[in-house]
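Next come the chains, spelled out residue by residue.
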Amino acid sequence: MVDPKTQDSIPHVVIVGGGFGGLYAAQALGNAPVKLTLIDKRNFHLFQPLLYQVATGIVSPADISSPLRLVLNNNKNTQVLLDRVTDIDPDRQLLTFGDRTLSYDTLILATGVKHHYFGNEQWQSIAPGLKTIEDALLMRRRIYGAFEAAEKETNPEKRKAWLTFVIVGGGPTGVELAGAIAELAHSVLKNDFHHIDTTEAEILLLEGMDRILPPYAPELSARAESDLTDLGVNVQTKTLVTNVTEGAVTVRQGDTEKLVPARTILWAAGVKASSLGKVLNEKTGVPIDRAGRVIVENNLSIAGYPNIFVIGDLASFNHQGDRPLPGVAPVAMQEGKYVAKWIKDELCGRTHAPFCYHDAGSLAVIGDNAAVVDLGWMKLTGIIAWLTWVFAHIYYLIEFDNKLVVMLQWGWNYFTRGRGARLITGEDSLLTITPENLGTKEDLPLPAVKR
């Protein structure tokens, strides 16, 4: 514990971002002789790997969210600030947020990434991505709203468009979304409507490369595609999206271009770094990659500024293997712990080894009893992989009550094929569903989060 009377004379560590990297760094510095400030634009940590389950009504937002003050309430040296950092002065060691500034001795930036539409930002309102709770609630509104609209539609062509779901991007998020929507249509909702057959819904998963889950071993990609096909997903690889409009997506396959009528288009095709990456580039000259991620040194600091660290999805770490580390939660967790240890070692005069990521494996779920797991030394599929995925995600949820609630919810859903969190929220509860009133995430009320 740090004596408050002496805090002005001890190093001030500031962490910007309460995701996996920032939170794990803050937890690891809880007993260090430093003054610690964590700044985030949200007052909660979000378990992003399960956002697709909020979008498809499997769990509620509060089940995968943990208030930062609650998680860090045993850190006697830690202050949590709810704000958005807009500027950095690395030479004067100052951060700007709102109408005030804050000085630091050591800075850890962990502000993550956002959706990347590759220069087509106008598609965002039509094809939402999945990075925040508001994104997930908007997706949930559009997915369930589409079935409701189809129930009332008498024109067969328009009804088919409402029952066509296009997911752009065949990475883990796209695969998990496609599988969850397919289970909705073919299992969960099949007895809930009188005028439509939900099993006739068409779920299209589009991937520009020659296989889905490109970072995985080819045999796992093939198994994932096979499992998705069994669920009723139409997987189309070597397919590029050339245009997205209200009610349709244009795709190119080789030299052939076609228009696909679809009322629900979901984006899982790419990410780019938060705006602080560009700010850091302009203020320090540190290079950034094509996605705006900051290229870091082998200890996660930036060139010329050894007291500034960049971790998580915002960092491009090129010192291990032939390509940067992937933007996944385990990387951010290990980087957060490493930087915390580096700071502690520095205070004690100990030497530091470069950061080295220990890859425990990659996991992607397709549906009940179907997943793919690559542990490096062993590859798993089917129910064993699915159980591995389940226990890994339960283990890494932050709070015990989240672990318990999600585990019970999954168990109930597994045996009953029900999804109790399938609420359609928004103005007028969508009494009259049209493409226009399916809205944007700005229209949605802020979700309730546990205190």
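Residues numbered from 1 in each chain as written. Predicted model: local features only at pLDDT ≥ 70, side-chain atom pairs only at ≥ 80, totals over all residues. Heavy atoms only, no water.

Asker: What is the right way to look at the sheet that holds strand 9 (residues 106–109) in this model?
Answerer: Adjacent strands of a sheet pair through backbone hydrogen bonds, lying either parallel or antiparallel. Pairing in this open sheet of 6 strands is mixed, and the strands run 5-2-1-9-21-20 from one edge to the other. Every other strand in the sheet has two partners, leaving strand 5 (78–82) and strand 20 (301–302) as the edge strands with one partner each. Here 5 bridges tie strand 1 (residues 12–16) to strand 2 (residues 35–40), and the two strands are oriented parallel to one another. In the strand pairing of strand 2, valine 13 is matched with leucine 36. (Pairing = 2+ DSSP bridges. Helix = DSSP H or I, 4+ residues; strand = E, 2+ residues; numbered from the N terminus.)

Asker: Which parts of the structure should I look at to understand helix 4 (residues 133–152)?
Answerer: Since there are 3.6 residues in each turn of an α-helix, residues three or four apart along the chain are aligned in direction. For helix 4, with 20 residues, the first-to-last C-alpha span of 29 Å sits near the 28 Å given by 1.5 Å per residue. Summarising burial for helix 4: 18 of the 20 residues are buried, a large majority. (Expected span 1.5 Å × (residues − 1). Buried < 20%, exposed > 50% of the residue type's maximum accessible area, 1.4 Å probe, protein only.)

Asker: For this particular structure, what's the right way to read the pairing of strand 17 (residues 264–267)?
Answerer: In the case of a regular strand, side chains alternate between the two sheet surfaces. The side-chain alternation of strand 17 yields two buried faces, one formed by Thr264 and Leu266 and the other by Ile265 and Trp267. As defined by bridge partners, strand 11 (residues 164–168) adjoins strand 17 across 4 bridges and the pair is classed as parallel. Each residue of the ladder has a partner; that of valine 168, found in strand 17, is tryptophan 267.

Asker: Just checking my understanding: could you explain the side chain of glutamine 53 for this structure?
Answerer: Mapped onto the elements, glutamine 53 comes out in helix 2 (residues 51–55). Here the side chain of glutamine 53 touches tryptophan 410 through a polar contact of 2.6 Å, side chain to side chain. Not counting residues up to four positions away in its chain, the partners in contact with glutamine 53 are Ile58, Val59, Trp389 and Trp410. (Polar contact = N/O pair within 3.5 Å; in protein donor to acceptor, adjacent residues only side chain to side chain. Contact = heavy atoms within 4.5 Å.)

Asker: How should I be thinking about a nonpolar patch on the surface in this particular structure?
Answerer: On the surface, a cluster of nonpolar side chains totalling about 400 Å² of accessible area is made up of Ile383, Ile384, Leu387 and Phe391. Of note, phenylalanine 391 is situated in helix 10 (residues 382–396). Judged by relative accessible area, phenylalanine 391 falls into the exposed class, the value being 56%. (Patch = residues over 30% accessible without salt bridge, like charges linked within 9 Å, V, L, I, M, F, W, Y side chains within 5 Å. Areas by Shrake-Rupley, 256 points an atom, 1.4 Å probe, with all protein chains shown as cover. Salt bridge = Lys/Arg side-chain N within 4 Å of Asp/Glu carboxyl O.)

Asker: Would you take a moment to explain the layout of surface pockets for this structure?
Answerer: The probe, sized like a water molecule, is rolled over the atoms to show the empty space still left. Here the second largest pocket defines a volume of roughly 550 Å³. Put simply, the parts of the chain that give the lining of the second largest pocket at least two residues each are helix 2, helix 6 (172–188), helix 7 (218–231), strand 23 (362–367), helix 10 and helix 11 (400–416). In terms of residues, the lining of the second largest pocket owes the most to one element, helix 6, which gives 8 residues. For the lining of the second largest pocket, the residue count by class is 18 nonpolar, 8 polar and 7 charged. (1 Å grid on protein atoms, 1.4 Å probe; cavity = no way out; pocket = protein on both sides within 12 Å on 5 of 7 lines; lining within 4 Å. Points joined across faces, edges and corners; volume = space filled by probe spheres on them. Nonpolar A, V, L, I, M, F, W, Y, C, P; charged D, E, K, R; others polar.)

Asker: What is the right way to look at the nonpolar core in this model?
Answerer: The tendency in soluble globular proteins is for nonpolar side chains to be buried side by side. In this structure, Phe147, Ile203, Leu205, Leu228 and Trp410 are the most contacted members of the largest nonpolar core, which totals 74 residues. When residues in this core are grouped by element, the largest group, 10 residues, is from helix 4. Apart from residues lying up to four places away in sequence, leucine 205 is in contact with Ile167, Gly169, Gly170, Gly174, Val175, Ala178, Ile212, Leu228, Val233, Asn234, Val235 and Gln236. With 54 residues, the next largest nonpolar core counts Ile15, Leu38, Leu102 and Ala273 among its residues. (Core = buried A, V, L, I, M, F, W, Y, C linked by side-chain atoms within 4.5 Å.)

Asker: I keep staring at unusual backbone geometry and nothing clicks. Help me out?
Answerer: The bulk of non-glycine residues show a negative phi, and the bulk of peptide bonds are trans. Residues other than glycine seldom take positive phi values, yet glutamine 93 does so here, at roughly 60 degrees. In this fold, glutamine 93 is placed in the loop between strand 6 (85–89) and strand 7 (94–97). Residue class for glutamine 93 comes out partly exposed when judged on its relative accessible area of 26%. The phi dihedral of asparagine 369 is positive, around 65 degrees, even though this residue is not glycine. Relative to the assigned elements, asparagine 369 resides in the loop between strand 23 and strand 24 (370–374).

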